[in-house]
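For reference, the chains in residue letters:
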Amino acid sequence: VTMEPMRALLLLSLSLLPALFIAAAPAAATLTIRPIPLEIGAIPRGAQRVRLLALVLEANCDGDIRVLHLRVRRIGLGEASGIDKVYLLRGNQRLSRGVKVSSADETALLRLRKVTVPACESIRMDVAADFTGDVAVGSAYVFEVTSPGDVGVDAGNVRGAFPLRNPTAAGEPPQEGSS
């Protein structure tokens, strides 16, 4: 008996081994993100913790998903300098540090601390901002999540009807004489 046929059979078996493991792997976890209506109204100058975009993040049942960051883009009239800081809230708890909106591309990268969406569950997060006292009258501040690539997760896929924006608001401008 020669060893050559046995060796060929062994090599063939080893080459099929990865395919067996890949076929047995569970489906990828998926995070679905959607905006929910948020009434904003007029924003006074110097206002703090103004919620501008409410998001629901839902994990499918294939596993927990840790959210690492969220990039938001400011759209609308007015200067980015009218916003002191942007951050994420869950209820009254701050989930990220406050960051400035970049004047170059009108975006802010919000890095989250220990935020996990459990499998088969959802959480709500709000994009909030602190405004400066000299924000221009007539400015409008709307934030959006432009694409799935703007949502950083540790594993799995991100789905949603991008761009994600507040379906009800245009970010009313500050009122003349507001404080």
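Since the structure is predicted, the reported quantities are computational estimates derived from the model, not experimental observations. (Residues numbered from 1 in each chain as written. Predicted model: local features only at pLDDT ≥ 70, side-chain atom pairs only at ≥ 80, totals over all residues. Heavy atoms only, no water.)

> How would you summarise the nonpolar core if you had to cite specific residues and measurements?
With 40 residues, the main nonpolar core has Leu 52, Leu 57, Leu 70, Val 72, Val 86, Met 125 and Phe 131 as its most contacted residues. Elements supplying a minimum of two residues to this core: β1 (30-36), β2 (50-59), β3 (65-75), β4 (83-90), β6 (107-117), β7 (122-131), β8 (142-145) and β9 (151-153). At six residues, β2 tops the list of elements feeding residues into this core. With residues near it in sequence (within four places) discarded, Val 86 still touches Val 72, Arg 97, Gly 98, Val 99, Val 101, Leu 110, Val 127, Ala 128, Ala 129 and Phe 143. (Core = buried A, V, L, I, M, F, W, Y, C linked by side-chain atoms within 4.5 Å. Buried < 20%, exposed > 50% of the residue type's maximum accessible area, 1.4 Å probe, protein only. Helix = DSSP H or I, 4+ residues; strand = E, 2+ residues; numbered from the N terminus. Contact = heavy atoms within 4.5 Å.)

> If you had to explain the state of the cysteines to someone new, which residues and values would you point to?
Following the criterion strictly, the structure yields one disulfide and no others. The disulfide that involves Cys 61 links it to Cys 120, with 1.8 Å between the sulfurs. Of this pair, Cys 61 sits in the loop between β2 and β3 while Cys 120 sits in the loop between β6 and β7, and the two are 59 residues apart along the sequence. Residue class for Cys 61 comes out exposed when judged on its relative accessible area of 55%. (Disulfide = S-S within 2.5 Å.)

> Describe in detail the pattern of salt bridges, supporting the description with residues and values.
One pass over the structure, following the stated rule, counts seven salt bridges. Arg 73 is paired through a salt bridge with Glu 144; the nearest N and O atoms lie 2.5 Å apart. A residue pair is termed long-range when its members are at least 10 positions apart, and Arg 73 in strand β3 and Glu 144 in strand β8 qualify at 71 residues. For Glu 144, a relative accessible area of 1% puts it in the buried group. Note that Asp 126 and Arg 124 form a salt bridge whose closest N and O atoms lie 2.8 Å from each other. Asp 126 sits in the buried class, given a relative accessible area of 2%. Arg 124 gets classed as partly exposed once you look at its relative accessible area, which sits at 37%. Linked through salt bridges whose partners overlap, the residues forming this network are Arg 51, Arg 124 and Asp 126. (Salt bridge = Lys/Arg side-chain N within 4 Å of Asp/Glu carboxyl O.)

> An account of a positive patch on the surface is requested, with residue identities and associated values reported.
Residues Arg 49, Lys 85, Arg 94, Arg 97 and Arg 113 make up a contiguous surface patch of positive charge. Relative to the elements of secondary structure, Arg 49 occurs in the loop between β1 and β2. Its relative accessible area of 37% is what places Arg 49 among the partly exposed residues. (Patch = residues over 30% accessible without salt bridge, like charges linked within 9 Å, V, L, I, M, F, W, Y side chains within 5 Å. Areas by Shrake-Rupley, 256 points an atom, 1.4 Å probe, with all protein chains shown as cover. Lys, Arg positive; Asp, Glu negative; His and termini not counted. Charge placed at Lys NZ, Arg CZ, Asp CG, Glu CD.)

> Tell me about the sheet that holds β2, and name the residues and values.
The six strands are arranged β5-β4-β7-β2-β1-β10 in an open sheet whose pairing can be described as mixed. If you trace the sheet from one side to the other, it starts and ends with β5 (93-94) and β10 (157-159), each paired once. Where β1 lies against β10, three bridges are found, and the strand directions are parallel. In the strand pairing of β10, Thr 30 is matched with Asn 157. (Pairing = 2+ DSSP bridges.)

> Outline unusual backbone geometry, supporting the account with residue identities and numerical values.
Residues Phe 162 and Pro 163 are joined by a peptide bond in cis, for which omega reads 0 degrees. As for its placement among the helices and strands, Pro 163 is situated in the loop between β10 and β11 (164-165). You will see that Arg 49, though not glycine, has its phi angle at about 55 degrees, which is positive. The residue Lys 114 is not glycine, and still its phi comes out positive at about 50 degrees. Inspection of the secondary structure puts Lys 114 in strand β6.

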